[in-house]
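# Analysis of the macromolecular model
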Amino acid sequence: MIIIDGHQSEMEIGNFANLEEILVGVMNNEEMGSRVVTDVLVNNEAFSEIYPHQAEDIGSEFIKSVEVRSMPVGEMAANIAREMYKVAQIMSNGAQHVARLFRQADDAEALDMLQDLLDVTRDFMNMIGVLRNEFCLDSGNKEFNESVEQLSNLLTEMSEVLESADWILLADLLEYEFLPLSQNWKQVIQSIRENLRHASSD
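Residues numbered from 1 in each chain as written. Predicted model: local features only at pLDDT ≥ 70, side-chain atom pairs only at ≥ 80, totals over all residues. Heavy atoms only, no water.

### Notes on the overall build of the protein chain
- Across its full length, the protein chain holds 5 helices and 5 strands.
- Its helices and strands in sequence order give the protein chain the pattern β-β-α-β-β-β-α-α-α-α, from N to C terminus.
- Its C-alpha atoms give the protein chain a radius of gyration of 22 Å, clearly above 17 Å, the size a compact globule of 202 residues would have.
- Each principal axis of the C-alpha distribution contributes one length, and for the protein chain these read about 65 × 40 × 20 Å.
- Restricting to contacts in the protein chain with at least 6 residues of sequence separation, those with at least 24 account for 71%. (Helix = DSSP H or I, 4+ residues; strand = E, 2+ residues; numbered from the N terminus. Rg over C-alpha atoms; globule rule 2.2 N^0.38 Å. Contact = heavy atoms within 4.5 Å.)

Below, the structure written as structure tokens:
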């Protein structure tokens, strides 16, 4: 049994050699053209590949049911943009706090928190990558492109300063460059959300 977004499909598991063929068959369904897969359940258990093409190694004889859940591309992009707004706020707060710790010469705690801030920022950059690649939101969006480049360049500069252990300069970068950039990202994301809202209503 193959279920797509709560509806049983006419496709039969036995007509496919393995799970990968089943998933390709589902994605070739014209109704999936403007949707993004969010979950795959095999035999009522969540499935995600541990290694590339793992689905190819799962023969159809071991599969009793496949359920595919999806959502419209626009809704997925809007969800990511909403999450990015929250992350940008976390980045702003984190930058202020870490800069203050460095200025107070509390270097050990500052470095711990800086690592958390950098991890959050990497997640943020990954979300940007998804928006760029999956939803083509940077095409013609000068502000988006400039903000991506500025953040990328600043992270490179911060890494170099981190290696030289110049904590006061790092505090300056966090307070006077990273913080304003994080605040600016909230405006960029708000603009993206508006564009998505208009696109989904067209």
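### Concerning the nonpolar core
- With 41 residues, the main nonpolar core has Phe124, Leu174, Phe178 and Trp185 as its most contacted residues.
- Contributing elements (two or more residues each) for this core: α2 (73-103), α3 (107-135), α4 (142-164) and α5 (167-201).
- Among all residues touching Leu174, those that are not within four sequence positions of it are Ala95, Val98, Ala99, Phe102, Leu114, Leu117, Met158 and Leu179.
- Core analysis: the next-biggest nonpolar cluster, separate from the first, contains 15 residues, Met32, Val42, Ala55 and Val66 among them. (Core = buried A, V, L, I, M, F, W, Y, C linked by side-chain atoms within 4.5 Å. Buried < 20%, exposed > 50% of the residue type's maximum accessible area, 1.4 Å probe, protein only.)

### Let's talk about the packing of aromatic side chains
- Under the counting rule described, the total for this entry stands at 2 aromatic pairs.
- Ring geometry for Phe102 and Trp167: centres 5.3 Å apart, planes at 15°, overall stacked. Highlighted residues: Phe102 in helix α2 and Trp167 in helix α5, separated in sequence by 65 residues.
- On the accessibility criterion, Phe102 (2% relative accessible area) is buried.
- Note on Trp167: relative accessible area 19%, which makes it buried.
- Centroid distance Phe124 to Trp185: 5.2 Å. Interplanar angle 80°. Geometry classified as edge-to-face. (Phe/Tyr/Trp six-rings, centres within 6.5 Å; stacked < 30°, edge-to-face > 60°.)

### Digging into the environment of Asn44
- Looking at the secondary structure, you find Asn44 in the loop between β3 (35-42) and β4 (45-46).
- A relative accessible area of 64% means that Asn44 is categorised as exposed.
- Each C-alpha atom, one on Asn44 and one on Arg82, is 30 Å from the other, the two residues being 38 residues apart in sequence.

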